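Working through the structure, step by step
Letter by letter, the chains look like this.
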Amino acid sequence: MTDDTLLAQIKAHEKLGSADMLAAMDDELKGLLDRQVRGLEAQIEQTIASDDELALAAEIMRSVPGIGPVASSMLIAEMPELGQITGEQAATLTGLAPIACDSGAMRGKRVIGGGRRLLRHVMFQAALVASHHNPVL
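Residues numbered from 1 in each chain as written. Predicted model: local features only at pLDDT ≥ 70, side-chain atom pairs only at ≥ 80, totals over all residues. Heavy atoms only, no water.

A word on the nonpolar core. Soluble globular proteins tend to pack their nonpolar side chains together in the buried interior. Ranked by size, the top nonpolar core spans 14 residues in total, and within it Met-61, Ile-67, Ala-71, Leu-75, Ile-76, Leu-119 and Met-123 carry the most contacts. Counting residues per element, the ones that place at least two in this core are helix H3 (52-62), helix H4 (69-78) and helix H6 (117-133). In this view, Ala-71 contacts Val-122 and Ala-126; residues no more than four positions away in its chain are not counted. (Core = buried A, V, L, I, M, F, W, Y, C linked by side-chain atoms within 4.5 Å. Buried < 20%, exposed > 50% of the residue type's maximum accessible area, 1.4 Å probe, protein only. Helix = DSSP H or I, 4+ residues; strand = E, 2+ residues; numbered from the N terminus. Contact = heavy atoms within 4.5 Å.)

Okay, a nonpolar patch on the surface next. Where nonpolar side chains cluster on the molecular surface, the patch consists of Met-21, Leu-22 and Met-25 and spans about 270 Å² of accessible area. Mapped onto the secondary structure, Leu-22 falls in helix H2 (residues 18-49). (Patch = residues over 30% accessible without salt bridge, like charges linked within 9 Å, V, L, I, M, F, W, Y side chains within 5 Å. Areas by Shrake-Rupley, 256 points an atom, 1.4 Å probe, with all protein chains shown as cover. Salt bridge = Lys/Arg side-chain N within 4 Å of Asp/Glu carboxyl O.)

Here H4 crosses H6 at 155°, and the two axes come no closer than 10 Å. Here H4 is positioned roughly antiparallel relative to H6, judged by the angle of their axes. Crossing handedness for the pair H4 and H6: left-handed. Residue-level contacts link Ala-71, Met-74, Leu-75 and Glu-78 of H4 to Leu-118, Leu-119, Val-122, Met-123 and Ala-126 of H6. Looking at the contact of H4 with H6 residue by residue, the classes come out as eight nonpolar, no polar and one charged. (Axes fitted to C-alpha atoms, helices over the stretch in contact; angles between N-to-C directions. Parallel < 35°, antiparallel > 145°, perpendicular 65-115°, else oblique. Left-handed = near helix turned anticlockwise from the far one by under 90°. Nonpolar A, V, L, I, M, F, W, Y, C, P; charged D, E, K, R; others polar.)

Let us now look at the confidence of the model for the protein. Considering every residue of the protein, the mean pLDDT works out to 85; 97% of them sit at 70 or more. Within the protein, the element-level pLDDT minimum falls on helix H1 (residues 3-16), averaging 76, and the maximum on H3, averaging 94. (pLDDT = per-residue confidence, 0-100.)

In this fold, Ala-126 is placed in helix H6. For Ala-126, a relative accessible area of 6% gives the class buried. Note: C-alpha distance between Ala-126 and Asp-51 (75 residues apart in sequence) is 24 Å. Discounting chain neighbours no more than four positions away, the residues touching Ala-126 are Gly-66, Ile-67 and Ala-71.

Set out below in structure tokens:
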């Protein structure tokens, strides 16, 4: 849809008086989703806390700047081999290891990719937070 189409739809809803009704529905849906997310987060926290090994792993991970409850939970869920593999292997599994695009004498650009996509996105966010709190990063 173009911006003009969206603006026309918004104006039409305002004329019909349905804009307020739709806004209220949006607020209700956001509230419902927020409650469901909080419930799931609490359930995940309880599951981790009820297992001594998982709780210890989460505590160690959270001691790293930028790693909070979401990142540590994702690492526990998506990378169970963590602690038994090297850093290079972990970077490759996460899709954070640079992949060379070389052929013969040509040296191409290095890019990241592959691996466990959802985990890569969470780790990017954790790195972003850590870089704001640590200028060295």
